[in-house]
Amino acid sequence: MKVSINRTGGYTILINGKEWLRSSRIGLYTDNKWYSSDDKSLSLVTITTDQGTDRYLGNWNETQLNYDLIRSGIHTKIVASIRQWDQISAITFHLNTGDQTLANTIPLDKNQVRTIFPSFNIEKNDDNDQRAYFTFEGVMTGDGNKHAGEWNSSSKVVHSGFEGGPIILFNQTQRGEGDMLVISPFSKFMATSLTQTNNTLEYGVMGSMFSITPNYNHSLIVFYSSKGINEGARLWGQTMQKAYNRTNKYRINDLTINKLGYYTDNGAYYYYNTENNTNYEQTMLDVIHNISLPLHYLQIDSWWYYKGIDGGVSEWIARPDIFPHGLPEFHRRSENIPLVAHNRYWSYDTVYKNNYSFVFDEKTGKSLPVGNDSFWIDLFTQGKQWGLIVYEQDWLITQTEDFEPLYTDIHLGHQWLMSMGNAAEKLNITIQYCMSLPRHILTALEIPRVTQTRVSTDYAFHLEGKAQQWTIGISSIFADAIGLAPFKDVFWSTASQPGAANYTPTPHEIQARREIAIATLSTGPVTPGDGIHYANYDKTMQCCRSDGLILKPDQPITMINALLSDWAFNDSVSQGEVYSTKTTIDNDTFHVIFASTIKRDYVIYPSMIGAKRGVIYIQDGYTLPAIFDESHPLTIPFDRCHELNFCVWYISPIWQLKDYPLWALLTDDDKWAGISKQRFKSIVHDTENNQIIITAQGVFNEPIRPIFTIGLDGLEWPSCWTSSTNDTVRFILTTHGVDCA
């Protein structure tokens with residue numbers, strides 16, 4: 001990738017010598033009027049260069065376009081910089097708005113921008129230009145209004161600047177493989193946006209912001225990869241995380257991401273619903289004591305605290321009609337089970353305004369803690385007294401979009417989320433974002449205590465037949481890139497559960513195994529929400545070891561590039577859900593392919609999921625393993641992997657012992673992840689002794705039943721039990737078969 005800059009300040013981004021992005025204008029809206037390079041009211045004075053080193057991203061050099069903004073005879077230097085990097089495949093665009101305050105009394109709409117740099121024409125270069133795009137937009141990590149299509153002058157790439165997020169541009173002739181760009185805000189995520197005016201993509205400060213403070217810097221990144229959509233997005237995310245020095249240690253060690261838990265949110269049996277003639281406190285105790293699953297935590301949703309004006313939070317403490325003995329006593333009686341506690345937007349009449357600094361929006365009846373005092377620390381300290389381990393900040397879109405101070409004060413949004421995150425750091429809890437916009441997710445780059453995010457709508461809509469809520473293969477790309485575990489939401493493990501919360505029409509789960517499979521393969525929380533008498537132990541435990549440790553792949557399952565390309569080709573009409581993921585144990589990599597709701601047969605080659613030649617297997621009771629390579633692809637049949645069913649294949653490397661047919665470790669019997677690091681510690685190829693040693697782990701005396709194949713002629717299904725000394729067992733593959741040790 002290269003950038004070409006001309007003497008008039010125009011710039012073009014080239015990929016392998018071909019034009020991909022061509023600049024439009026630079027502009028500023030201040031004093032209630034536009035200043036722009038179009039009409040020379042914002043004039044280019046000089047072009048200079050500079051170089052330097054970023055602490056995390058390394059060396060850079062940049063071209064600086066120096067503009068002169070003249071207002072009432074006062075000159076302000078506006079610097080637009082185009083920065084190229086030595087160590088990352090990206091170009092970043094930076095705008096410094098000068099040493100004067102830029103204010104308006106007549107603001108623009110919050111879906112517009114009041115600074116423009118950079119800007120790019122949305123256009124086809126010629127008749128052979130087959131580029132396409134998709135973008136994350138809307139609620140639930142950009143899932144709510146995500147869309148795709150062709151990249152041309154009639155494309156509506158950005159529907160809402162306020163709700164928009166990163167844009168991925170790719171070559172459709174390569175079906176999502178090969179060259180791709182990510183266009184994304186690079187800083188000031190709560191105050192800046194990507195918008196579209198006619199056929200021009202524009203980045204800058206949100207139009208509704210009243211005042212831009214002196215020397216305000218904001219930036220956008222254009223990231224390039226030649227490795228296709230999924231890997232390119234992952235590399236973009238790694239660059240973003242590196243830029244903000246984000247650590248993922250809290251995600252890795254988050255109990256709620258690693259262990260099975262129980263949820264009561266919208267879609268759960270006990271969402272604003274209790275057992276007959278029983279209060280909530282006793283119902284939750286009955287759940288903990290009577291559901292025979294190894295549950296490690298409990299989520300309490302919005303039914304437990306006080307609400308005020310417009311349903312906002314007035315006081316975040318337990319109501320006595322919900323927990324008569326209080327949350328600390330409930331925590332004790334529940335054997336100190338850790339809690340995930342829900343919260344929503346703050347009400348205008350919140351009691352906390354009497355002791356802490358809040359800002360208010362009287363029109364919408366909402367408020368927000370300013371965050372420059374001890375509010376969040378005190379709130380989380382109180383929560384720690386009753387077992388709080390994850391603070392769930394829900395209704396982020398409502399608090400942000402329906403609260404004027406957050407889209408008129410250029411610093412408030414960032415201050416709000418950072419104060420929450422800093423308090424979580426001090427109190428050693430983690431945060432889940434829910435109903436988040438892309439701007440919230442990008443801000444989480446600076447808040448490592450945010451470890452997880454919801455990536456699809458509420459499960460209740462699925463139970464009511466209104467949404468395919470499990471289809472998280474696109475939004476999970478975004479969440480994982482930023483370092484967050486994607487969360488599918490609660491699920492039922494049985495089809496019908498009479499007496500459930502008041503869902504309309506009568507709730508029904510058409511494919512519980514699919515829900516559990518997706519939740520497991522998401523790498524995020526796995527959270528049943530069954531009624532006490534309806535939980536299916538065997539189905540649910542396909543996610544886990546017997547102690548509730550989730551067996552999961554190395555990375556979230558995401559939609560493969562070919563299906564993303566077809567989604568764009570069909571103007572945002574899904575052609576089905578075909579996902580993949582993988583796990584690497586030592587030097588051996590295992591892949592998973594998932595398919596459902598496809599509209600036609602799909603042929604999948606190893607190169608399409610980043611796999612090498614191997615053995616493919618579907619655990620359906622009758623299909624034998626087969627070779628999987630570029631000459632022997634997988635055909636996914638639409639009459640089998642349809643809306644009411646799903647299919648899962650496991651791809652394994654081929655192992656060869658001397659003078660013996662091939663071996664392959666296919667899957668961990670009846671576990672959705674197939675091969676996982678939580679189950680298999682190591683795979684050692686002992687060539688000297690002509691054997692392969694696989695060390696598996698579990699809890700004491702847990703049966704472990706991996707499935708092997710020898711020469712593709714049949715299956716080996718040994719059962720071995722973990723030892724009492726270190727909770728491991730070894731499977732030794734020799735020319736005589738499989739032995740336990």
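Residues numbered from 1 in each chain as written. Predicted model: local features only at pLDDT ≥ 70, side-chain atom pairs only at ≥ 80, totals over all residues. Heavy atoms only, no water.

**Description of the nonpolar core**
Membership of the largest hydrophobic core comes to 154 residues, with the highest contact counts inside it found for Trp304, Trp316, Phe380 and Ile636. The greatest single-element share of this core, amounting to eight residues, is contributed by helix α10 (residues 412-427). Apart from residues lying up to four places away in sequence, Phe380 is in contact with Leu388, Tyr391, Met420, Ala423, Ala424, Leu427 and Ile429. Of all hydrophobic cores here, the second largest spans 51 residues; its members include Trp20, Ile82, Leu169 and Ile410. (Core = buried A, V, L, I, M, F, W, Y, C linked by side-chain atoms within 4.5 Å. Buried < 20%, exposed > 50% of the residue type's maximum accessible area, 1.4 Å probe, protein only. Helix = DSSP H or I, 4+ residues; strand = E, 2+ residues; numbered from the N terminus. Contact = heavy atoms within 4.5 Å.)

**Quick look at the packing of aromatic side chains**
Overall, the coordinates contain 47 aromatic pairs when judged by the stated rule. The interplanar angle of 85° and the centroid separation of 5.4 Å between the aromatic rings of Phe358 and Phe375 together place this pair among those described as edge-to-face. With Phe358 in strand β26 (residues 358-361) and Phe375 in helix α7 (residues 375-384), this pair connects stretches of sequence that are 17 residues apart. For the pair Phe358 and Phe375, one class covers both residues: buried. When the ring of Tyr660 is compared with that of Trp663, the centres are 6.2 Å apart and the planes differ by 25°; the resulting orientation is stacked. Both residues of the pair, Tyr660 and Trp663, belong to the buried class. For the cation-ring pair, Arg131 lies above Trp20, with the distance from its terminal atom to the ring centre recorded as 5.4 Å. Note that Arg439 overlies the ring of Phe162, its terminal NZ or CZ placed 5.0 Å from the centroid. (Phe/Tyr/Trp six-rings, centres within 6.5 Å; stacked < 30°, edge-to-face > 60°. Lys NZ or Arg CZ within 6 Å of the ring centre and 35° of its normal.)

**Considering helix α14 (residues 512-521)**
The element α14 is largely enclosed, with a buried count of nine among its ten residues. Buried within α14 are the following residues: Ala512, Arg514, Glu515, Ile516, Ala517, Ile518, Ala519, Thr520 and Leu521. Check the buried side of α14 and you find it contacts α12 (459-463), α15 (537-540), β33 (577-585), β34 (588-596) and β39 (646-653). Trailing α14 by a residue or two, Thr523 shows a phi angle of about 70°, which is positive.

**Structural notes on the state of the cysteines**
Summed over all chains, the structure comprises three disulfides. Put simply, Cys543 and Cys544 are joined by a disulfide, and their sulfur atoms are 2.2 Å apart. Handedness of the Cys543-Cys544 disulfide follows from its S-S torsion of about -65°: it is left-handed. Of the two residues, Cys543 and Cys544, both sit in the buried class. Across the disulfide, Cys641 is cross-linked to Cys647 (sulfur-sulfur distance 2.1 Å). As the torsion about the S-S bond is roughly -105°, the Cys641-Cys647 disulfide counts as left-handed. (Disulfide = S-S within 2.5 Å.)

**Overview of the packing of helix α2 (residues 228-243) against helix α13 (residues 475-482)**
At their nearest, the axes of α2 and α13 sit 7 Å apart, and the two run at 30° to each other. When the axis of α2 is compared with that of α13, the two are roughly parallel. Crossing of α2 over α13 shows right-handed handedness. Along its contact with α2, which presents Asn230, Ala233, Arg234, Trp236, Gly237, Gln238 and Gln241, the element α13 presents Ile477, Phe478, Asp480, Ala481 and Ile482. A breakdown of the residues in the contact of α2 with α13 according to their chemical character gives six nonpolar, four polar and two charged. (Axes fitted to C-alpha atoms, helices over the stretch in contact; angles between N-to-C directions. Parallel < 35°, antiparallel > 145°, perpendicular 65-115°, else oblique. Left-handed = near helix turned anticlockwise from the far one by under 90°. Nonpolar A, V, L, I, M, F, W, Y, C, P; charged D, E, K, R; others polar.)

**Thoughts on the sheet that holds strand β5 (residues 33-36)**
Taken together, three strands build an open sheet; the order of strands is β5-β4-β11 and the sheet is antiparallel. On the outer flanks of this sheet lie β5 and β11 (115-116), each paired with one strand and no other. (Pairing = 2+ DSSP bridges.)

**Here we look at α2**
The terminal C-alpha atoms of α2, which comprises 16 residues, lie 22 Å apart, in line with the 22 Å expected from a rise of 1.5 Å per residue. Taking burial as the measure, the 16 residues of α2 include twelve buried ones, the bulk of the element. Restricting attention to buried positions, one finds in α2 the residues Gly228, Ile229, Asn230, Gly232, Ala233, Arg234, Trp236, Gly237, Thr239, Met240, Gln241 and Ala243. Count one or two residues on from α2 and you reach Asn245, which has phi positive near 50°. (Expected span 1.5 Å × (residues − 1).)

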